[in-house]
Amino acid sequence: MFGTLIASLDNPETAAALMDALGMEGLAERLEMAAAAEGIEPAAYLATTVRSFMETASDDHFVQLIGIMNSAKDPGLAAIRAILAKALPEAAP
C-alpha cells in the first residue's frame, strides 16, 4: 500500500492532495520553500524527497517509520509526514 502511494507521487494531483493533507504546521511551507530553492515544483520535490529517504534510510529509520505507520489512522500519510519532518526540519529560533 505504501509502495503504491510512493509510486503515485509522480502524479501532481496525488502530490498536491498529500501536501494539502499534511496537517503539520509549517511543513507544507517548508516543502514549498525547499522546492523553490531547488527550482522545481513542490510535487516533484515531494516525490524526490520521499524516494531518496526510502533509498538511503538506515535500518533504524525504517524501524521508526514502521512504528509510526503502525500507530497511525492513515499510515501512508503518517509516513510521508515523518519523512518530510526529518528531511525539512524546522529552523532553529
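Computed from a predicted structure; not experimentally measured.

Colleague: I tried to follow the overall build of the chain on my own but got confused; where do I start?
Modeller: Within the chain, the regular secondary structure consists of six helices and zero strands. Along its sequence from the N terminus, the chain presents helices and strands in the succession α-α-α-α-α-α. The C-alpha radius of gyration of the chain comes to 13 Å, within 12% of the 12 Å expected for a compact globule of 93 residues. Dimensions of the chain along its principal axes, counting C-alpha atoms only, are 35 × 35 × 25 Å. Counting across all 93 residues of the chain, residues that qualify as buried make up 34%. Considering only residue pairs separated by 6 or more positions, the chain has 66% of its internal contacts joining residues 24 or more positions apart. Side-chain charges in the chain split into 5 positive and 13 negative, and the spacing between the mean points of these groups amounts to 7 Å.

Conventions we followed
Just so you know, the residues in each chain are numbered from 1, in the order the chain's sequence is written. Residues qualify for local features only when their pLDDT is at least 70, as the model is predicted, and side-chain atom pairs are given and counted only at 80 or more; totals for whole chains, interfaces and linings, by contrast, use all residues. As a rule here, side-chain values cover all heavy atoms of the structure and leave hydrogens and water aside. Helical segments are the DSSP runs of H or I of at least four residues, strand segments are the runs of E of at least two, and each set is numbered from the N terminus. Note that the radius of gyration is over C-alpha atoms, with the globule rule given as 2.2 Å times the number of residues to the power 0.38. Exposure is judged per residue with a 1.4 Å probe applied to protein chains only, and the accessible area is read against the type maximum: over 50% gives exposed, under 20% gives buried, and values in between give partly exposed. Throughout, a residue-residue contact means that at least one pair of heavy atoms, one from each residue, lies within 4.5 Å. His is not counted here, nor are the chain ends, while Lys and Arg score as positive and Asp and Glu score as negative. Every charge is mapped onto a representative atom, which is NZ of Lys, CZ of Arg, CG of Asp or CD of Glu.

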